[in-house]
Amino acid sequence: MRPFLVLPLLLISCAGVAQRNSPTTSTDKPFTETVIADFDAPWAMTFLPDGRMLVTEKDGRLLLVSGDGKERSVVSGTLPVDSAGQGGLMDVVLAPGFATNHQVYFSFSESGEGGKGVVLARGVLAIQQVQCIRAPCPPIARLDKVEVLHRATPYVPGNGHYSGRIAFSPDGQYLFYTNGERQKFDPAQDMTVTLGKVLRLTLDGKPASGNPFYPETAVKAAIWSYGHRNLLGLAFDADGRLWEQEMGPKGGDELNLIEPGKNYGWPRVSNGSHYDGRDIPDHAAGDGYEPPKVFWNPVISPGGLMIYSGKLFPAWKGDAFIGGLSSQALIRVDLNGASAKKGDQWDMGARIREVEQGPDGAIYVLEDGDDGSQGRLIKLMPKG
């Protein structure tokens, strides 16, 4: 069953389908590693109900990929991307009710008046199956009815700290969305801008009633939490708690439990220092800022965040998994209600941008591939 729009079958002649690298398996960690596919600087991924995947690549491509990685199609209909620096086509998440509305939400960076900013958009996924005469052919896929739902305020010069992570509330009524502080520091504390914030929006991208500063100005009304730096992971646990991870400066990467109206302190406090060596006051009891549940010195450079809910790794159910970029690691954090502590950190030998859970409970990691090499998609399974 493919519970999204499938267009009429086409019969065409194809010479064949280019095959990507064959799966390879590593056995030197607590899990097996099978390489499924490789991509050009991938950023995020999500699974469709039938086991296929949507994968974003930094330069603006959205790909529809078969579960075994052997078949892929470029999904047309995405919007122009400014991919300089840390910019690009970023997160991709299926809408609540995808089985009937076929909607896909995505984020990306663009140029505009005043500089650059991060954009939230959505479209309707349409897939056209293709029957080739001589060989299998990948489907034709596109996004229809693409619309921009939200733009960061304001656009500023620079190519860093866009963030752009998306998560839906467990009841499917609200969208949580991260805007980085764009390496500008002070906007994280400025309630007249969206930079350095977690936003809580309606599914149409409007400020949601019930937000801590609603119904003030449109910008302030959208804010759920503030005082953030570069927020690159956002996920709900099974009990509805919202967790977020972000890159600190020189030290002080954070995993935060996000609560409405709280100020998480950047750039006034941090468990790290400025890159030029200047000190930043550490989080301290009674300072008025919400401290992280876990922080890292030295840094791990956290990428994507996933909270595991599957059955294949029962000992890890409810734990957080973080992709490590500069640390080239997969990091596990023990979550226990509203508390957290560091668990395992596995050396993966490459920058890990994204972590996702597959339909069967397997763990999937996406390598960053930003040094010109291919970023591999690797499936992790229990040994034995």
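Residues numbered from 1 in each chain as written. Predicted model: local features only at pLDDT ≥ 70, side-chain atom pairs only at ≥ 80, totals over all residues. Heavy atoms only, no water.

A few points about the packing of aromatic side chains
Then, number 1: Inspection of the entire model under this criterion finds 13 aromatic pairs.
Then, number 2: With a centroid separation of 5.9 Å and 70° between ring planes, the pair formed by Tyr-308 and Phe-313 is classed as edge-to-face.
Then, number 3: The exposure class of Tyr-308 is buried, given its relative accessible area of 1%.
Then, number 4: Classification of Phe-313 by relative accessible area gives buried; the value is 7%.
Then, number 5: Here a set of aromatic residues connected by ring pairs shows up, and it is made of Phe-31, Tyr-308, Phe-313, Trp-316, Phe-321 and Trp-346. (Phe/Tyr/Trp six-rings, centres within 6.5 Å; stacked < 30°, edge-to-face > 60°. Buried < 20%, exposed > 50% of the residue type's maximum accessible area, 1.4 Å probe, protein only.)

Considering the pattern of salt bridges
Then, number 1: Tallied over the full model, the rule gives 25 salt bridges.
Then, number 2: For the salt bridge of Glu-147 with Arg-122, the shortest nitrogen-to-oxygen distance reads 2.8 Å. Pair noted here: Glu-147 is in strand β11 (residues 140-151) and Arg-122 is in strand β10 (residues 115-132), with a separation of 25 residues, a long-range link.
Then, number 3: Judged by its relative accessible area of 35%, Glu-147 is partly exposed.
Then, number 4: With a shortest N-O distance of 3.4 Å, Lys-379 and Asp-360 are connected by a salt bridge. Taken together, the residues span a long stretch of sequence, with Lys-379 in strand β26 (residues 374-382) and Asp-360 in the loop between β24 (352-357) and β25 (363-367) at a distance of 19 residues.
Then, number 5: What emerges from the salt-bridge pattern is a single network uniting Asp-40, Glu-57, Asp-59 and Arg-61. (Salt bridge = Lys/Arg side-chain N within 4 Å of Asp/Glu carboxyl O. Helix = DSSP H or I, 4+ residues; strand = E, 2+ residues; numbered from the N terminus.)

Looking at the state of the cysteines
Joining two cysteines, a disulfide is a covalent bond between their sulfur atoms.
Then, number 1: In this structure the tally under the stated criterion is one disulfide.
Then, number 2: The disulfide partner of Cys-132 is Cys-137, and the gap between their sulfur atoms is 1.2 Å. Every disulfide takes its handedness from the sign of the S-S torsion; for Cys-132 and Cys-137 that torsion is -105°, giving left-handed. Pair check on accessibility: Cys-132 and Cys-137 agree, each one buried. (Disulfide = S-S within 2.5 Å.)

What about the sheet that holds strand β16 (residues 230-236)?
Then, number 1: One open sheet holds the four strands; their spatial order is β16-β17-β18-β19, and the pairing between them is antiparallel. Edge positions in the sheet fall to β16 and β19 (294-296), since each of these pairs with one other strand and no more. With strand direction ignored, the average angle separating the axes of adjacent strands in the sheet is 20°. (Pairing = 2+ DSSP bridges. Axes fitted to C-alpha atoms, helices over the stretch in contact; angles between N-to-C directions.)

So, the sheet that holds strand β22 (residues 329-336)
Then, number 1: Strands sit in the order β20-β21-β22-β23 across an open sheet of four strands; the sheet is antiparallel. The sheet is open, and its two borders are formed by β20 (302-307) and β23 (339-347), each paired with just one other strand. Along the sheet, successive strands turn relative to each other by an average axial angle of 20°, direction set aside.

Comments concerning the environment of His-274
Then, number 1: Topologically, His-274 is positioned in the loop between β18 (253-258) and β19.
Then, number 2: What makes His-274 buried here is its relative accessible area of 11%.
Then, number 3: When the C-alpha atoms of His-274 and Lys-250 are compared, they prove to be 5.7 Å apart, with 24 residues separating the residues in sequence.
Then, number 4: Contacts of His-274, omitting those with residues within four sequence positions, involve Phe-185, Lys-250, Asp-279 and Ile-280. (Contact = heavy atoms within 4.5 Å.)

Looking at the nonpolar core
Then, number 1: Counting residues in hydrophobic clusters, the biggest one holds 47 residues, and the most contacted among them are Leu-54 and Leu-125.
Then, number 2: Ranked by residues supplied to this core, first place goes to β10 with six residues. (Core = buried A, V, L, I, M, F, W, Y, C linked by side-chain atoms within 4.5 Å.)

Describing the side chain of Ser-66
Then, number 1: Residue placement: Ser-66 occurs in the loop between β6 (62-65) and β7 (72-76).
Then, number 2: Within the local environment of Ser-66, its side chain forms a polar contact with the backbone nitrogen of Lys-70, the two atoms lying 3.3 Å apart.
Then, number 3: The residues contacting Ser-66, other than those within four sequence positions of it, are Arg-52, Met-53 and Glu-71. (Polar contact = N/O pair within 3.5 Å; in protein donor to acceptor, adjacent residues only side chain to side chain.)

Section: the pairing of strand β21 (residues 320-324)
Then, number 1: Taken across its five residues, β21 has five buried, putting it largely inside the fold.
Then, number 2: Residues of β21 alternate between two faces, with Ala-320, Ile-322 and Gly-324 on one and Phe-321 and Gly-323 on the opposite face, all of them buried.
Then, number 3: Alignment of β20 against β21, held across four bridges, turns out to be antiparallel. Bridged to Leu-305 within β21 is Ile-322.
Then, number 4: Alignment of β21 against β22, held across five bridges, turns out to be antiparallel. Opposite Ala-320, over in β22, you have Val-333 as the bridge partner.
Then, number 5: Between β21 and β22, which follow one another and run antiparallel, lie four residues, and Gln-328 among them has a positive phi close to 50°.

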